[in-house]
Amino acid sequence: MEKEKYYITTPIYYPSSDFHIGHCYTTIIADAIARYKRLKGYDVFFQTGTDEHGQKIENKAHEAGVTPKEYVDKIVGNAQDLWKSLNISYDKFIRTTDDYHERAVQKIFTKLYEQGDIYKGEYKGLYCTPCESFWTESQLVDGKCPDCGREVHEVKEEAYFLKLSKYQDRLVEYIEAHPEFIQPESRKNEMINNFIKPGLEDLCVSRTSFKWGIPVEFDPKHVVYVWIDALSNYITSLGYMSDDDHLLQRYWPADLHLVGKEIVRFHTIIWPIMLMALNLPLPKQVFGHGWLVIDGGKISKSLGNYKDPREYIKDYGVDAVRYYVLREVPFGSDGTFSENALITRTNADLANVLGNLVNRTLAMVKKYFDRPIKLTDQKTEFDANLIQSIDELDAIIAEKMAILHVSEALESIFDVLRKSNKYIDDATPWILAKDESRQGELETVLYNLLEAIRVCGIALRPFLPTTSEKIQEQINNDHEEPEYLKDNVYAVNSPYPLFQRIEVKDNN
Ligand code: MSP
C-alpha cells in the first residue's frame, strides 16, 4: 500500500549569526512531529530554510562592507550548523536566494499581475523595517510597531498591490468552514475579529526604495515584497512553476505550517489569498505556537539574556535541550526559559526517572542472572497494571500528537517510566532474589521492566533520538512493536548512565 504523505514546514529563518533558544523552538517541535509521523509510517517531507532578502539584510551587509549575497552566504551556514547540532531531520533546506526559487517567485508575481490580482498604484504608509511589515495608523500601538514596539517610518512610492480585498469574503468563509485551518482556536478568533473582519486593505507587494530582493520580471526597478517572496517558499521548493513539479503533485497542500504566533497573520491572510489567486489548495493547518520568553520578555542579545543554544547542547547534551523545549511549554501558550529550569528538568526526569530506570534494571539483570532473560510463567500481583500501561501508551501518544500536544505526549511516556520505577519498589526484586523458589517471579519482573523500557524507548525516538538509540543499544533489542510482547529474549549489554545529574547554578 502506498504510504500516506505528510508535508510539514517551519518558517524560513532570517539568516543570523545570533540564534537563541527561542529560534530553536519551532524547529525542534517540527522535528519531533516529523519524526513521529515517519515512525508511524508516513512519507514525510519536512522543510525549513532561510529567508534572505529584504532591507534589513541589505542594511546589515552595508554595515559589514560586503554585498548582501556575500553577507547571507557567510551566515546561512550558522542555521544549518545549529540544526545539525540539534539533530533536525529536515528533508529540504530552501534558501530564498536559490535560483529556482527566485525564478518561480517572478513567475508567480507575473501570473498574478496578468490575471489582475496584482495592479500598479501608489503606496503611502508606515513601514517597520526590522519586522518588514506595513502598518496602518490605527494598527500602531502608541505610534510604534505593534509587533516589536520600534519606530515606524512613512514611505511613499509607486508600487504594486495584491487585491486582498477581493478575497476577503472567500477567506472568512473558508476559515469558518475549516475549523482546523487556524489553530489554536484563540488565534483563529484573533485573525477573524482583529484583522479580517475590520476589512482587508490591498497589500503593497513591491518596493523600489532598496535593491536586495527578487526583481519584478516585467518592471525590474521594483523588487518583490519579502513576505510574498518568503511565503512562496512552501511551493517553490516542490517545483511549482518549474519543469518538474512532481513533488508538488505529491506533497501539496502542506499538512502543517508550524509558525510562531507573531507570523500567523501572514500565514492565514496573505498566504491563503495568494494560493486562492493561484488556484492551489490551501494548507490543511497553520498552527501558531507561543514564545519562549525570559522574565516575561522576548529573548534578545541586547537584553543580555541571550546564549548560543550550542552552549547548552555542549553542557547538557542535545536531548536535554530538546526535552526541555518540548516538555516545558504547553503548546500554544508562552513558556519561560531558564537555564536552571533546564537543569532541574534534566535531573528530575531524564536522570532520575529515565536514566535511573534503565540503569537499575540492567544492573539487576547482570547481577541476578547474567544470561538472557525471558518471560516465565510465574507472575506477581503488580504485573498486570504495568503491562496495561505499556499497552495503552501508543494510543495515548497518538491522541496527543493528533492535536499537537507534544508536551503531553512526552508526559505520557514519563508516566509509564515512573510507573516502572514504582513497579520495582512494589515488586522488590532484591527480596525475590534471596528466595530460591521465587526466581521465576524475579525473571518475570525484570522481563516486564525491559519491555517497559523497550516500548518507552521506541516512543521516545521522535523526541529524544540519541537517547532512544542508546536505550536500544543497552537493552540490545530491536523489536519495533509498540506494545508488550510475551516472547522477547533479552541479552542485555552492560549499563552506563544515560544522563549525568547536573549541579544547579547559583546565578540564573
Ligand atoms: N522569516 C520569517 C518567516 C518567514 S516564513 C514564510 C521569520 N523569521 S524569524 O527568524 O524571525 O523567525 C523564525 C521562527 O522563530 C518564527 O516562527 C518565530 O516565531 C520563531 N521565534 C523567534 N523567537 C522566538 C521565541 N523567543 N520563542 C519561540 N519562537 C520564536 O519570522
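Provided above is the structure to which this section pertains.
Residues numbered from 1 in each chain as written. Predicted model: local features only at pLDDT ≥ 70, side-chain atom pairs only at ≥ 80, totals over all residues. Heavy atoms only, no water.

Peer 1: A description of the overall build of the protein chain should follow, citing residues and the corresponding values.
Peer 2: When you go through the protein chain residue by residue, the secondary structure sums to 18 helices and 15 strands. Across its three principal directions, the C-alpha atoms of the protein chain cover 90 × 55 × 40 Å. A total of 508 residues make up the protein chain; the buried ones form 56% of that total. For the protein chain, the proportion of contacts with a sequence separation of at least 24, taken over those separated by at least 6, is 78%. Carbon and sulfur atoms make up 48% of the accessible area of the protein chain, which totals about 21,600 Å². Mean positive and mean negative side-chain charge positions of the protein chain (60 and 79 charges, respectively) differ by 1 Å. (Helix = DSSP H or I, 4+ residues; strand = E, 2+ residues; numbered from the N terminus. Buried < 20%, exposed > 50% of the residue type's maximum accessible area, 1.4 Å probe, protein only. Contact = heavy atoms within 4.5 Å. Areas by Shrake-Rupley, 256 points an atom, 1.4 Å probe, with all protein chains shown as cover. Lys, Arg positive; Asp, Glu negative; His and termini not counted. Charge placed at Lys NZ, Arg CZ, Asp CG, Glu CD.)

Peer 1: Describe the nonpolar core, with residues and values.
Peer 2: Formed by 96 residues in total, the largest nonpolar core has its most connected members in Ile33, Leu86, Leu354 and Phe463. Looking at which element gives the most residues to this core, the answer is helix 17 (residues 439–460), with twelve residues. With near-sequence residues (within four places) excluded, Ile33 lies in contact with Tyr6, Ile8, Leu256, Leu258, Met401, Leu404 and Val406. Leu162, Val172, Val205 and Phe266 belong to the second largest nonpolar core, which has 61 residues in total. (Core = buried A, V, L, I, M, F, W, Y, C linked by side-chain atoms within 4.5 Å.)

Peer 1: Describe the site of the ligand, naming the residues involved and giving the relevant values.
Peer 2: The environment of the ligand is made up of 24 residues, and the closest members are Ile12, Asp51, Gly260, Glu262 and Leu292. In the model, an oxygen atom of the ligand is placed 2.9 Å from a nitrogen or oxygen of the Gly260 main chain. Note that a nitrogen atom of the ligand is positioned 2.8 Å from one of the backbone N or O atoms of Leu292. Protein coverage of the free-state accessible area of the ligand, which is 670 Å², stands at 95%. Contributions of two or more residues to the shell around the ligand are made by strand 1 (5–13), helix 1 (21–39), helix 7 (226–231), helix 8 (233–236) and strand 11 (256–260). If one sorts the elements of the shell around the ligand by residue count, helix 1 sits on top with four residues. A breakdown of the residues in the shell around the ligand according to their chemical character gives 13 nonpolar, nine polar and two charged. (Near = heavy atom within 4 Å. Polar contact = N/O pair within 3.5 Å; in protein donor to acceptor, adjacent residues only side chain to side chain. Nonpolar A, V, L, I, M, F, W, Y, C, P; charged D, E, K, R; others polar.)

Peer 1: I'd like to hear about the packing of aromatic side chains, residue by residue, with values.
Peer 2: Tallied over the entire structure, the rule returns 24 aromatic pairs. Aromatic side chains Tyr312 and Phe337 sit 5.3 Å apart centroid to centroid with 55° between the ring planes, which places their arrangement in the tilted category. Residue Tyr312 is located in helix 11 (residues 309–316), and its partner Phe337 is located in the loop between strand 15 (335–336) and helix 13 (339–368); the two are separated by 25 residues in the primary sequence. Like Phe337, Tyr312 is buried. (Phe/Tyr/Trp six-rings, centres within 6.5 Å; stacked < 30°, edge-to-face > 60°.)

Peer 1: How would you explain the sheet that holds strand 15 if you had to name every residue and give the values?
Peer 2: As summarised here, the arrangement of the three strands in space is 14-13-15, forming an open sheet in which the pairing is mixed. Strands at the two margins of the open sheet, each flanked by one partner only, are strand 14 (297–298) and strand 15. Pairing between strand 13 (residues 292–294) and strand 15: two bridges, direction parallel. Paired with Leu292 across the two strands is Gly335, which belongs to strand 15. (Pairing = 2+ DSSP bridges.)

Peer 1: Kindly report on helix 6 (residues 185–196), identifying the contributing residues and their values.
Peer 2: With twelve residues, helix 6 should reach 16 Å at 1.5 Å per residue; the first-to-last C-alpha distance of 15 Å fits that figure. Restricting attention to buried positions, one finds in helix 6 the residues Arg187, Lys188, Met191, Ile192 and Ile196. Buried positions in helix 6, seen along its axis, are confined to an arc of 130° and lie on one side of it. The inward-facing, buried residues of helix 6 contact helix 5 (164–177), strand 7 (182–183), helix 10 (264–278) and strand 12 (286–289). (Expected span 1.5 Å × (residues − 1). Arc of directions from axis to C-beta.)

Peer 1: Give a description of unusual backbone geometry that names residues and reports values.
Peer 2: Following Gln183, the chain continues to Pro184 via a peptide bond in cis, the omega torsion being -10°. Its location among the elements puts Pro184 in the loop between strand 7 and helix 6. Note that the residue after Trp252, namely Pro253, is joined by a cis bond; omega there is 5°. The phi dihedral of Leu404 falls on the positive side, at around 60°, and the residue is not glycine. Relative to the helices and strands, Leu404 is located in the loop between helix 14 (383–402) and helix 15 (406–427). With phi around 40°, Thr428 is a residue other than glycine that occupies positive phi space. If you trace the backbone, Thr428 turns up in the loop between helix 15 and helix 16 (429–432).

Peer 1: Account for the pattern of salt bridges, naming residues and giving values.
Peer 2: Applying the stated criterion to the full structure yields 38 salt bridges. In this structure, Lys120 and Asp219 form a salt bridge, with 3.3 Å as the shortest nitrogen-oxygen distance. Here Lys120 is found in strand 4 (residues 118–128), whereas its partner Asp219 is found in the loop between strand 9 (206–207) and strand 10 (223–224), with 99 residues between them in sequence. On the accessibility criterion, Lys120 (42% relative accessible area) is partly exposed. Residue Asp219 is classed as buried on the basis of its relative accessible area, which comes to 10%. One salt bridge connects Arg461 with Glu480, and the closest N-O pair in it is separated by 3.0 Å. (Salt bridge = Lys/Arg side-chain N within 4 Å of Asp/Glu carboxyl O.)

Peer 1: I'd like to hear about the side chain of Asp219, residue by residue, with values.
Peer 2: Side-chain polar atoms of Asp219 contact the side chain of Tyr160, separated by 2.5 Å. With residues up to four places along the chain from it excluded, the contact list for Asp219 reads Lys120, Glu158 and Tyr160.

Peer 1: Can you lay out the packing of helix 3 (residues 68–85) against helix 11 for me, pointing to particular residues and giving the numbers?
Peer 2: Direction vectors running N to C along helix 3 and helix 11 enclose 25°, while the axes themselves pass 10 Å from each other. The orientation of helix 3 relative to helix 11 falls into the category roughly parallel. Handedness of the helix 3/helix 11 crossing: left-handed. Residues Asn78, Asp81, Leu82 and Ser85 of helix 3 form the contact with helix 11, whose participating residues are Pro309, Arg310 and Ile313. Here the residues of the contact of helix 3 with helix 11 are counted per class, giving three nonpolar, two polar and two charged. (Axes fitted to C-alpha atoms, helices over the stretch in contact; angles between N-to-C directions. Parallel < 35°, antiparallel > 145°, perpendicular 65-115°, else oblique. Left-handed = near helix turned anticlockwise from the far one by under 90°.)

Peer 1: A description of the environment of Ile196 should follow, citing residues and the corresponding values.
Peer 2: With respect to the secondary-structure elements, Ile196 resides in helix 6. On the basis of relative accessibility, which here comes to 0%, the residue Ile196 falls in the buried class. Beyond its immediate stretch of four places on either side in the chain, Ile196 contacts Gln168, Leu171, Val172, Ile175, Met191 and Ile269.

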